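# Structural overview
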Amino acid sequence: MMQMRTDGPVKTRRENSILEVTLDRPKANAIDLQTSRIMGEVFRDFRDDDSLRVAILRAAGEKFFCPGWDLKAAADGDAVDGDYGVGGFGGLQELPQMNKPVIAAVNGICCGGGLELALSCDLILASSNATFALPEIRSGTVADAASIKLPKRIPYHVAMDLLLTGRWFDTDEALRWGLLKEVTTPQDLLPKAWELARLLESGPPLVFAAIKEVVREAEDMRFQDALNRITRRQFPTVDRLYASEDQLEGARAFAEKRDPVWKGR
C-alpha cells in the first residue's frame with residue numbers, strides 16, 4: 001500500500017482509488033533535482049499500487065502551476081544533466097510502463113518544464129487564469145521534451161511558432177489547439193478534476209492500461225505492425241485484458257443490460 005506524503009515539496013492524499021499529487025514548493029513550484037526524484041518515487045508507487053487507478057497532478061497556490069527547472073537551485077549547484085530520478089524531470093515524462101490515467105489540473109503560470117510536465121499527463125484541465133509558454137530559447141536551451149511531443153499533439157506550424165518564439169499563450173488558444181480538455185474558473189478547477197477522476201475511476205482499469213500501452217508503443221510503429229501486435233496479443237496489457245475476468249464481465253454486463261463491475265483482474 002502506497003504511503004501518503006503530508007510534508008515536503010510533494011504532498012499526496014487519496015480517496016478510494018484516486019491519488020491526488022500536489023507540487024508544493026514556494027514560491028513558484030519550480031522543480032529541483034530532489035523534488036524531481038520525489039515526484040518520480042510518488043508516480044512509480046502510484047503505478048505499482050494495484051489499489052490505485054487514477055492520479056490528479058496539481059500545484060499549491062494560485063499564481064503558479066510550475067515554471068519548470070529551478071534556476072536558483074541550478075545556480076547553487078544542481079546540474080541540468082543531473083539525476084532527475086526514476087521518471088525523469090518531474091517524475092512522469094520518462095517513467096516506464098505508466099499505464100494508468102493521470103489528469104493535470106493547471107492553475108496560473110505553466111511554462112518551460114512545467115508545461116512539459118502537463119504534457120506528460122493524459123488529460124489537462126486548466127483554470128481560466130492559466131498561462132503557458134516555452135521560453136527556453138531566451139536562456140539558450142532547448143525545450144527538449146516539448147520539441148518531441150508538441151508537434152505530434154498540435155499542428156506543426158503552431159508548435160514551431162511556440163517553440164521558436166517562446167511567446168505566451170492563454171487558455172483560449174490552448175483549448176483551440178486541443179491541448180486542454182476544459183477550462184474552468186479557478187474555484188472549479190479542482191472539483192472538476194476530481195469529477196473527471198471519479199468518472200475514470202469507475203471505468204475498466206485493464207482497458208485503460210491497454211489503451212495507454214498501445215498509444216505509447218504504436219507511436220513509432222507502422223499501422224499494420226501495431227494492429228498485428230494487438231490482434232496477436234503481443235502487448236502485455238492487451239494479453240492480460242483478453243485473459244481477464246473483466247473482459248468477460250464486460251460482455252456479460254452488455255448482454256444482461258446492466259452496468260459492469262470492474263475488478264481489475
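Below you will find a few notes about this structure.

Here is what the cut-offs are and how they apply
Residues numbered from 1 in each chain as written. Predicted model: local features only at pLDDT ≥ 70, side-chain atom pairs only at ≥ 80, totals over all residues. Heavy atoms only, no water. Helix = DSSP H or I, 4+ residues; strand = E, 2+ residues; numbered from the N terminus. Rg over C-alpha atoms; globule rule 2.2 N^0.38 Å. Buried < 20%, exposed > 50% of the residue type's maximum accessible area, 1.4 Å probe, protein only. Contact = heavy atoms within 4.5 Å. Areas by Shrake-Rupley, 256 points an atom, 1.4 Å probe, with all protein chains shown as cover. Lys, Arg positive; Asp, Glu negative; His and termini not counted. Charge placed at Lys NZ, Arg CZ, Asp CG, Glu CD. Salt bridge = Lys/Arg side-chain N within 4 Å of Asp/Glu carboxyl O. Pairing = 2+ DSSP bridges. Phe/Tyr/Trp six-rings, centres within 6.5 Å; stacked < 30°, edge-to-face > 60°. Lys NZ or Arg CZ within 6 Å of the ring centre and 35° of its normal. Axes fitted to C-alpha atoms, helices over the stretch in contact; angles between N-to-C directions.

A separate point is the overall build of the protein. What the protein contains, in helices and strands, is 11 helices and 10 strands. In summary, the protein has a C-alpha radius of gyration of 19 Å against a globular reference of 18 Å for 265 residues, a match within 12%. Projected onto its principal axes, the C-alpha coordinates of the protein cover approximately 60 × 45 × 35 Å. Burial analysis of the protein (265 residues in total) assigns 47% to the buried set. Summarising the internal contacts of the protein: among those between residues at least 6 apart in sequence, 66% fall at separations of at least 24. For the protein, the computed accessible surface area is about 13,600 Å², with 53% contributed by carbon and sulfur atoms. Of the charged side chains in the protein, 35 are positive and 40 negative, and the gap between their average positions amounts to 4 Å.

Bringing the pattern of salt bridges into the picture now. Counted according to the given criterion, the structure contains 20 salt bridges. For arginine 5, the salt bridge identified is with glutamate 41, shortest N-O distance 3.1 Å. With a gap of 36 residues between them, arginine 5 in the segment before strand 1 (10-15) and glutamate 41 in helix 1 (residues 33-48) connect regions that are remote in the sequence. Residue classification places arginine 5 among the partly exposed residues on the basis of a relative accessible area of 28%. Assessed through its relative accessible area of 31%, glutamate 41 is described here as partly exposed. For the salt bridge of aspartate 239 with arginine 233, the shortest nitrogen-to-oxygen distance reads 2.9 Å. By relative accessible area, which is 33% here, arginine 233 ends up partly exposed. Salt bridges here are not isolated pairs; linked through shared partners, they connect Arg13, Glu20 and Arg58.

A separate point is the sheet that holds strand 9 (residues 169-170). The mixed open sheet is built from four strands, whose spatial order is 4-6-8-9. Looking at the sheet topology across the chains shown, the edges are occupied by strand 4 (64-66) and strand 9.

Bringing the environment of methionine 4 into the picture now. Relative to the helices and strands, methionine 4 is located in the segment before strand 1. Taking the C-alpha atoms as reference points, methionine 4 and arginine 229, 225 residues apart in sequence, are found 38 Å from one another. In this structure methionine 4 touches Thr12, Arg13, Arg14 and Leu19, once residues within four positions along its chain are discounted.

Extensive coverage of strand 7 (residues 123-127) is indicated by the burial of four of its five residues. Inspection of the sheet shows strand 5 (residues 102-106) paired to strand 7 by four bridges, in the parallel sense. If you follow alanine 105 over to strand 7, its bridge partner there is leucine 125. Note: strand 7 against strand 10 (residues 182-184), three bridges, orientation parallel. From the neighbouring strand, alanine 126 faces strand 10, where its bridge partner is valine 183.

What follows deals with the packing of aromatic side chains. Scanning the entire structure with this criterion turns up three aromatic pairs. Considering the side-chain rings of tyrosine 84 and phenylalanine 89, the 5.7 Å spacing of their centres and the 80° angle between planes classify their relative orientation as edge-to-face. The class of tyrosine 84 is buried, set by a relative accessible area of 17%. The rings of Trp69, Tyr84 and Phe89 are connected pair by pair, giving a single aromatic cluster. Above the plane of the ring of phenylalanine 46 lies lysine 100, whose end atom (NZ or CZ) is 5.0 Å from the centre. Looking at arginine 229, its charged tip hangs above the ring of phenylalanine 235, at a distance of 4.3 Å from the centre.

This next bit is on the sheet that holds strand 7. In spatial order, the strands read 1-2-3-5-7-10; together these six strands make up an open sheet with mixed pairing. The sheet terminates laterally at strand 1 and strand 10, the two strands that pair on one side only. Neighbouring strand axes in the sheet, compared pairwise and without regard to direction, differ in orientation by 20° on average. Taken together, the six bridges between strand 2 (residues 18-23) and strand 3 (residues 54-59) define a ladder with parallel strand orientation. Bridging from a neighbouring strand, valine 21 pairs with leucine 57 of strand 3. Docked against the sheet, helix 1 engages strand 1, strand 2, strand 3 and strand 5, running at close to 175° with respect to strand 2. On the sheet, helix 7 (residues 189-201) packs against strand 1, strand 2, strand 3, strand 5, strand 7 and strand 10 and is oriented at approximately 160° with respect to strand 7.

Here the focus is unusual backbone geometry. Omega for the peptide link from proline 26 to lysine 27 comes to 10°, which places this bond in the cis form. For asparagine 16, which is not glycine, the phi dihedral falls at a positive 55°. Structurally, asparagine 16 is set in the loop between strand 1 and strand 2. Classification of asparagine 16 by relative accessible area gives exposed; the value is 59%. Phi at lysine 257 takes a positive value of approximately 55°, unusual for a residue other than glycine. Residue placement: lysine 257 occurs in the segment after helix 11 (245-255).

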